[in-house]
Amino acid sequence: AEQPGGGEVIRHAIRPGGVLTAEVCVLDDISRAPGEALNVLLRVLNERMFGQGEIPLLTAIATANPALENYYVEALDPANLDRFTFQVKAAGLLQSK
């Protein structure tokens, strides 16, 4: 909203939904998420807290593509991978050329 002096006021609001209200969350293709966003998301998942409130999350499932040139993704940081209980690497799902 514009102010009389020509400036703008930016308001920040958090609307409950998504990870903040879900009991089960699927994080699709987290290997494409920017590092800063991924760090915040994984901290929320680990602590089950956002701000001063608890979130009802029971479990989260994440997917990621392999770190290959044709996928345009980077490998996840080992510190971020440690936040998951287990990892499954599925072979044979890639299409051969």
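Just above sits the structure.
Predicted model, so just to flag it, every value in this text is computed and none were measured. (Residues numbered from 1 in each chain as written. Predicted model: local features only at pLDDT ≥ 70, side-chain atom pairs only at ≥ 80, totals over all residues. Heavy atoms only, no water.)

Draft legend 1. How the structure looks around the nonpolar core. Counting residues in each nonpolar core, the largest one holds 11 residues, listed as V19, C25, L27, I30, L38, L42, V44, L45, I55, L57 and L76. Elements with a minimum of two residues in this core: β1 (24-27) and α1 (35-47). Among the elements that make up this core, the one with the highest residue count is α1 (4 residues). Contacts of I55, omitting those with residues within four sequence positions, involve V19, L20, V44, R48, M49 and F50. (Core = buried A, V, L, I, M, F, W, Y, C linked by side-chain atoms within 4.5 Å. Buried < 20%, exposed > 50% of the residue type's maximum accessible area, 1.4 Å probe, protein only. Helix = DSSP H or I, 4+ residues; strand = E, 2+ residues; numbered from the N terminus. Contact = heavy atoms within 4.5 Å.)

Draft legend 2. Region of the structure containing unusual backbone geometry. With a phi close to 60°, D29 is a non-glycine residue in the positive phi region. The backbone of R48 shows a phi angle near 55°, a positive value even though the residue is not glycine. By secondary structure assignment, the location of R48 is in the loop between α1 and β2 (49-50). In this structure R48 comes out as partly exposed when scored by relative accessible area, which is 27%.

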